[in-house]
Amino acid sequence: MKILLVTYWWLTSMGGIRTYMNQLADRLRTHGHEVDLMGTDLGTNSVYVAGQNRRFSKDSVLPLIRQNLAGAPLPQLHGCPQAMAIESDRYAFEMGAAALGVNHYDLIHAQDPIAALSIRRILRSPIPLLVSFHGSLAREGYHDSRSFHPELTWTEFRSGTYGKHYASLEYLGAEASDLILVSSGWIKGLIVESGIPAAKIRQVPYGIDIPAFLAQSSAEFPKAKNPDRKLIMYTGRLEYVKGVQVLIEALGLLSRTRSDWKCWIIGDGGMLTQLQNRCVELGIDREVEFLGVIDNIPSALKKADIYVQPSLQDTQPFSLTEAQLAGVASIAANTTGMPEMIQEGVTGLLFAPEDPASLCAQLSRLLSNPGERSTLGYHASQWVFRNRTLAQMYQGTWRVYQELTGG
Amino acid sequence: MELKVPSDLYNAWFLYPAGSSGMAVSYFVLNTIMENLPDNYVIPDPKVMSWIE
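Residues numbered from 1 in each chain as written. Chains lettered and ligands numbered in written order. Predicted model: local features only at pLDDT ≥ 70, side-chain atom pairs only at ≥ 80, totals over all residues. Heavy atoms only, no water.

A.B. asks: Hey, could you run me through the pattern of salt bridges in this one?
C.D. replies: Side chains bearing opposite charge may pair, as long as their charged atoms lie close to each other. Tallying each qualifying case throughout the model produces 24 salt bridges over all chains. With a closest N to O distance of 3.3 Å, Glu94(A) and Arg90(A) form a salt bridge. Note that Glu94(A) and Arg90(A) are positioned in helix α4 (residues 81-100) at a spacing of four residues, about one turn of the helix. Taken as a pair, Glu94(A) and Arg90(A) share a single burial class, namely buried. Glu193(A) is the partner of Arg139(A) in a salt bridge, and the nearest nitrogen-oxygen pair spans 4.0 Å. With Arg139(A) in helix α6 (residues 137-146) and Glu193(A) in helix α9 (residues 185-193), this pair connects stretches of sequence that are 54 residues apart. Under the relative-accessibility criterion, Glu193(A) is labelled exposed at 61%. Put simply, Glu87(A), Arg90(A), Glu94(A), Arg121(A) and Asp45(B) are held in one network by salt bridges that share partners. (Salt bridge = Lys/Arg side-chain N within 4 Å of Asp/Glu carboxyl O. Helix = DSSP H or I, 4+ residues; strand = E, 2+ residues; numbered from the N terminus. Buried < 20%, exposed > 50% of the residue type's maximum accessible area, 1.4 Å probe, protein only.)

Here you go:
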């Protein structure tokens, strides 16, 4: 079978989603299928097919698209820079994907609703189209807005043009697809809530390359930890939606009652300076270290005593799965997809989302109980071994492909 | 490949054509796109616009 995995977003720097696409493509090729990966190259602002000399510059059509949109009677679109930017860019994406060719595939698996909607708009024949919802576009847009306007409510956001635009792309992307693939019950619930029939949705959790992870973790991480302190760790993007600011506030509270800990924040993002400054204000800048992006997370996790996933919203965070596989006792926010990954008190602990005091209490609990840390970490790693293999992810996804193609 | 004149392309794609005065366009690129897009392709996307306008 000839399969296209396509995303509207940046194929060059997509983190976990690029990993997912690569892992799926590798498995499909192993089983004899031809697989192309299509997406955007942010560096050259072009649509391209990875590993091939097939590329289309969006800049060759964007001025034309913008000029024609600007002259149209669309006051709401013109009044919302975010929607205007996405609309202009996605039409350029559609033209690029059409020019590169999409009509010769047996199955197209879009990795986001914008790609699904775009592909359906340019297909000349009814090729089976599957869309994966890796997250919620509208809710991520909401949390992005909250980083500038913390008091903004979800109701206010979704009644504005920015929110309505993202909601339309999600709904129409789901509607345009023959089936929808999700990794968590939370995302499934959101899609059903929007009016899409549940019968159209299939749920297959993400997998992790366990042998590769274990091989990487056998390397010694070059940075030593303080042997007299327990090490708390976070890995991931430093963006508002990831909730690192909640972790920093919780550590500020923790520092008032105990000093038997250190924290490593691993990753980079737009909030770095703000978070560092807040650590200074809270007097914990000697306890909290920002290590930036590193190339061996499995090795670093071996140093950790506690892992924290403080996200305001997350579907099925890969970083939490890695910590669980590493056998690190984990604490996650009790919201969105995260409680589906942790059985409270068995494979980890949960805290009230966006509540530093709640997180501080759970941190203190685990710092005081080495036995509980070991037990939680062990049970979490066993759960990942049983439920999160790449083979399980591939088999589940392949069943959906067969359902679509009648294979 | 027959190269069509630009106005054919604008009329085909844009619901509210504004032309391309003052900008350089590649007729070859636009023609290639047109040959690959379905006949009913329009900008802006009417379904999305019905949600926000």
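A.B. asks: Got a minute to help me understand the environment of Val47(A) in this structure?
C.D. replies: Residue and element names in this part refer to chain A. With respect to the secondary-structure elements, Val47 resides in strand β3 (residues 46-49). Of the residues examined, Val47 reaches a relative accessible area of 0% and is grouped as buried. When the C-alpha positions of Val47 and Pro126 are compared, they lie 22 Å apart, and in sequence the two are 79 residues distant. The contacts of Val47, once residues within four sequence positions are left out, are Met38, Gly39, Arg54, Arg55, Phe56, Lys58, Phe93, Gly96, Ala97 and Leu100. (Contact = heavy atoms within 4.5 Å.)

A.B. asks: How should the interface of chain B and chain A be read in this particular structure?
C.D. replies: In many analyses, interface size is given as the accessible surface area lost on bringing the parts together. Each partner contributes residues to the interface: chain B has 30 residues there, and chain A has 37 residues. The junction of chain B with chain A conceals about 2900 Å² of combined surface from both sides, 67% of it contributed by carbon and sulfur atoms. Applying the counting criterion to the chain B and chain A interface returns three salt bridges. Between Asp39(B) and Arg124(A) there is a salt bridge whose closest N-O contact spans 3.9 Å. Summed over the shared surface of chain B and chain A, the result is eight residue pairs in polar contact (both at pLDDT 80 or more). Contributing elements (two or more residues each) for the side of chain B that touches chain A: α1 (6-13), α2 (27-36) and α3 (46-52) of chain B. Of all the elements, α3(B) adds the most residues to the side of chain B that touches chain A, at six residues. Tallied by class, the residues present in the side of chain B that touches chain A amount to 21 nonpolar, four polar and five charged. (Buried area = accessible area lost by both parts, 1.4 Å probe. Polar contact = N/O pair within 3.5 Å; in protein donor to acceptor, adjacent residues only side chain to side chain. Nonpolar A, V, L, I, M, F, W, Y, C, P; charged D, E, K, R; others polar.)

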